[in-house]
Amino acid sequence: MSTTMPRRSRDPLAAVPPTDSTIALTAPNHRGGSRSGAGAPGRRRPPTTFAGIAMRTPYWVVTAALALLFLYPLIWTAISSVSPLAGTNQTDGWGFGNYVTLANYQAGIWVYLLNSTFVSLLTVLLTLTVSLLGGYAFARFSFPGKDLLFLSTLAILMVPYATLLIPLYVLLNTVGLSNSLVGVALVLTMFQLPFSMFMMRISFESVPRELDEAAMVDGCSAWTVLWRVLVPAVKPGLITVGLFAFLAAWNDFMAPLILINDSNRMTLPLAISNLRGQVQGVVDYGATEAGVVVLALPCILLFLILQRHYVRGFMSGAFKG
């Protein structure tokens, strides 16, 4: 008499009796989705019905209109800089004649680009250093006159920008920094300090003090806590401050106009302004549009690369407490 053995299932979980854990893995959650699968638990999928699309359509229309409104001038400038226009250096078909004129202006565009890059990077370095140390001191230490000193720093915002340039020019001339790119960077750093100091203070205050105390219990000094614990925590704020300082220094026109006398030390905005009306007061629109495009490209690329940290930096301290 032969007996037949039951065929073994290929599924290793088929013979395992259901338990609470296996039931929980496949049980639907309260939002109607399964806890297993590729989607995140509890995340509601956007409605794909006609009503859901109709509700989102106004948002899409408004955001697209705003994007087009802000991008149109730059797009128009970029197209005009290479299109054939009368009165410009590009009259025969599409090309880069206006960019050639810009590149060959006086000392050359590369000299002015290097000047602007030097001023911008030095401004960013000085702004980050001063605002990092100042924000750390205002957020973590108590000393006499703390609030008064902080308000005095913010008071720089209340003084018109142009009214301070003449006294600063006299001061820089006294210390031997007139007609110097370093002097321009120092002036631009001073005007960036109020916002930068405020930004770094709220960034440090959004970090729990328990991190400082835990690090000091382990034997860290105040400097070690700053560089190894707090600086990584306030990185978005630092990136926001650095981005603002770079954009302000890269596009600034007034400070180089007052403080720079040598044509070989001009920054790019000042050089483009001089190129604009160099021939008997006639405006060279083609070369000016080419200069605007060259000025805008580094700012756009830098913002696109750092936009995620930029938004996080602005959110620093928003949910404090």
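In this text, all values refer to a predicted model and were calculated from it rather than measured experimentally. (Residues numbered from 1 in each chain as written. Predicted model: local features only at pLDDT ≥ 70, side-chain atom pairs only at ≥ 80, totals over all residues. Heavy atoms only, no water.)

## As for the packing of aromatic side chains
Turning to step 1, where the next piece is worked out: Evaluation of the coordinates by the stated rule reveals eight aromatic pairs.
Turning to step 2, where the next piece is worked out: Aromatic pair Phe 138 and Phe 143: ring centres 6.0 Å apart, planes at 40°, arrangement tilted.
Turning to step 3, where the next piece is worked out: On the basis of relative accessibility, which here comes to 31%, the residue Phe 143 falls in the partly exposed class.
Turning to step 4, where the next piece is worked out: Put simply, the rings of Tyr 136, Phe 141 and Phe 204 touch in pairs and so form one group of aromatic residues.
Turning to step 5, where the next piece is worked out: A cation over an aromatic ring shows up here: Arg 201 above the ring of Phe 150, its NZ or CZ 4.5 Å from the ring centre. (Phe/Tyr/Trp six-rings, centres within 6.5 Å; stacked < 30°, edge-to-face > 60°. Buried < 20%, exposed > 50% of the residue type's maximum accessible area, 1.4 Å probe, protein only. Lys NZ or Arg CZ within 6 Å of the ring centre and 35° of its normal.)

## Digging into the nonpolar core
Generally speaking, nonpolar side chains in soluble globular proteins are found buried as a group.
Turning to step 1, where the next piece is worked out: One finds Leu 102, Val 184, Val 187, Leu 268 and Val 294 to be the most contacted residues of the largest nonpolar core, which totals 36 residues.
Turning to step 2, where the next piece is worked out: Counting only elements with at least two residues in this core, the list comes to α3 (97-103), α4 (109-140), α6 (165-174), α7 (181-205), α10 (235-251), α11 (254-259), α12 (268-276) and α13 (285-314).
Turning to step 3, where the next piece is worked out: Tallying contributions element by element places α13 first for this core, with six residues.
Turning to step 4, where the next piece is worked out: Discounting residues that sit within four places of it in the chain, Val 184 has contacts with Val 119, Ala 255, Pro 256, Leu 259 and Ile 260. (Core = buried A, V, L, I, M, F, W, Y, C linked by side-chain atoms within 4.5 Å. Helix = DSSP H or I, 4+ residues; strand = E, 2+ residues; numbered from the N terminus. Contact = heavy atoms within 4.5 Å.)

## Concerning the packing of α7 against α10
Turning to step 1, where the next piece is worked out: Two elements in contact, α7 and α10, have axes separated by 10 Å at closest approach and are oriented at 165°. Viewed along their axes, α7 and α10 adopt a mutual orientation that is roughly antiparallel. Both α7 and α10 take part in a crossing whose hand is right-handed. Here α7 contributes Leu 188, Gln 192, Phe 195, Ser 196, Met 199, Met 200 and Ser 203 to the contact with α10, which in turn contributes Gly 237, Leu 238, Thr 240, Val 241, Phe 244, Ala 245, Ala 248 and Ala 249.
Turning to step 2, where the next piece is worked out: Residues belonging to the contact of α7 with α10 are distributed by class as follows: 10 nonpolar, five polar and no charged. (Axes fitted to C-alpha atoms, helices over the stretch in contact; angles between N-to-C directions. Parallel < 35°, antiparallel > 145°, perpendicular 65-115°, else oblique. Left-handed = near helix turned anticlockwise from the far one by under 90°. Nonpolar A, V, L, I, M, F, W, Y, C, P; charged D, E, K, R; others polar.)

## Some points on the pattern of salt bridges
Turning to step 1, where the next piece is worked out: Considering all chains together, one arrives at three salt bridges under this definition.
Turning to step 2, where the next piece is worked out: A salt bridge links Glu 205 to Arg 201, with the nearest nitrogen and oxygen atoms 3.1 Å apart. With Glu 205 and Arg 201 both in helix α7 and four residues apart, the pair spans about one turn of that helix.
Turning to step 3, where the next piece is worked out: Taking the relative accessible area as the measure of exposure, Glu 205 reaches 25% and is therefore partly exposed.
Turning to step 4, where the next piece is worked out: Salt-bridge contacts for Asp 262 lead to Arg 265; the nearest nitrogen and oxygen are separated by 4.0 Å. (Salt bridge = Lys/Arg side-chain N within 4 Å of Asp/Glu carboxyl O.)

## Some details on the side chain of Thr 153
Turning to step 1, where the next piece is worked out: Here Thr 153 shows up in helix α5 (residues 146-154).
Turning to step 2, where the next piece is worked out: Relative accessible area serves as the criterion here: at 14%, Thr 153 is assigned to the buried category.

## Overview of the packing of α4 against α10
Turning to step 1, where the next piece is worked out: Packing of α4 against α10 leaves a shortest axis separation of 8 Å and a crossing angle of 145°. Along this stretch, α4 crosses α10, giving a crossing that reads as right-handed. For the pair α4 and α10, the contacting residues are Leu 113, Ser 116, Thr 117, Val 119, Ser 120, Thr 123, Val 124, Thr 127, Leu 128, Ser 131 and Leu 132 in the first and Leu 238, Val 241, Gly 242, Ala 245, Phe 246, Ala 249 and Trp 250 in the second.
Turning to step 2, where the next piece is worked out: In terms of residue class, the contact of α4 with α10 is built from 11 nonpolar, seven polar and no charged.

## Considering a nonpolar patch on the surface
Turning to step 1, where the next piece is worked out: A cluster of nonpolar side chains, contributed by Val 62, Leu 66, Leu 69 and Phe 70, occupies part of the molecular surface with about 440 Å² of accessible area.
Turning to step 2, where the next piece is worked out: The residue Leu 69 is located in helix α2 (residues 50-82) in this model. (Patch = residues over 30% accessible without salt bridge, like charges linked within 9 Å, V, L, I, M, F, W, Y side chains within 5 Å. Areas by Shrake-Rupley, 256 points an atom, 1.4 Å probe, with all protein chains shown as cover.)

## Observations concerning the environment of Thr 127
Turning to step 1, where the next piece is worked out: If you trace the backbone, Thr 127 turns up in helix α4.
Turning to step 2, where the next piece is worked out: For the pair formed by Thr 127 and Ser 196, sequence separation is 69 residues and the distance between their alpha carbons is 7.2 Å.
Turning to step 3, where the next piece is worked out: Contacts of Thr 127, omitting those with residues within four sequence positions, involve Leu 132, Thr 189, Gln 192, Ser 196, Val 241 and Ala 245.

## As for α6
Turning to step 1, where the next piece is worked out: Along α6, the residues classified as buried are Leu 165, Leu 168 and Leu 172. Along α6, the residues classed as buried sweep out an arc of 60° about the axis, all on the same side.
Turning to step 2, where the next piece is worked out: Next to the buried residues of α6 lie α7 and α11. (Arc of directions from axis to C-beta.)

## Some thoughts on the environment of Pro 236
Turning to step 1, where the next piece is worked out: Tracing the sequence through the fold places Pro 236 in helix α10.
Turning to step 2, where the next piece is worked out: Note on Pro 236: relative accessible area 8%, which makes it buried.
Turning to step 3, where the next piece is worked out: Along the chain, Pro 236 and Arg 308 lie 72 residues apart, while their C-alpha atoms are 8.6 Å from each other.

## Points about the confidence of the model for the protein chain
Turning to step 1, where the next piece is worked out: Per-residue pLDDT for the protein chain has a mean of 78; in total, 77% of the residues score no lower than 70.
Turning to step 2, where the next piece is worked out: Contacts from residues 8-42, a stretch scored under 50 in pLDDT, to residues over four places away or in other chains number 16 contacts.
Turning to step 3, where the next piece is worked out: Predicted confidence for residues 317-321 stays below pLDDT 50, and this span has three contacts to residues more than four positions away or in other chains. (pLDDT = per-residue confidence, 0-100.)

## Here's the deal with α2
Helical periodicity: at 3.6 residues per turn, an α-helix aligns residues three or four positions apart in one direction.
Turning to step 1, where the next piece is worked out: Most pronounced at Leu 71, the bend in α2 amounts to some 40°, and the proline Pro 73 follows within four residues.
Turning to step 2, where the next piece is worked out: Taken together, the buried positions of α2 are occupied by Gly 52, Thr 77, Ser 80, Ser 81 and Val 82. (Bend = angle between axes of the 7 residues up to and from the residue.)

## Quick word on the environment of Asp 284
Turning to step 1, where the next piece is worked out: Mapped onto the elements, Asp 284 comes out in the loop between α12 and α13.
Turning to step 2, where the next piece is worked out: Each C-alpha atom, one on Asp 284 and one on Asn 98, is 9.1 Å from the other, the two residues being 186 residues apart in sequence.

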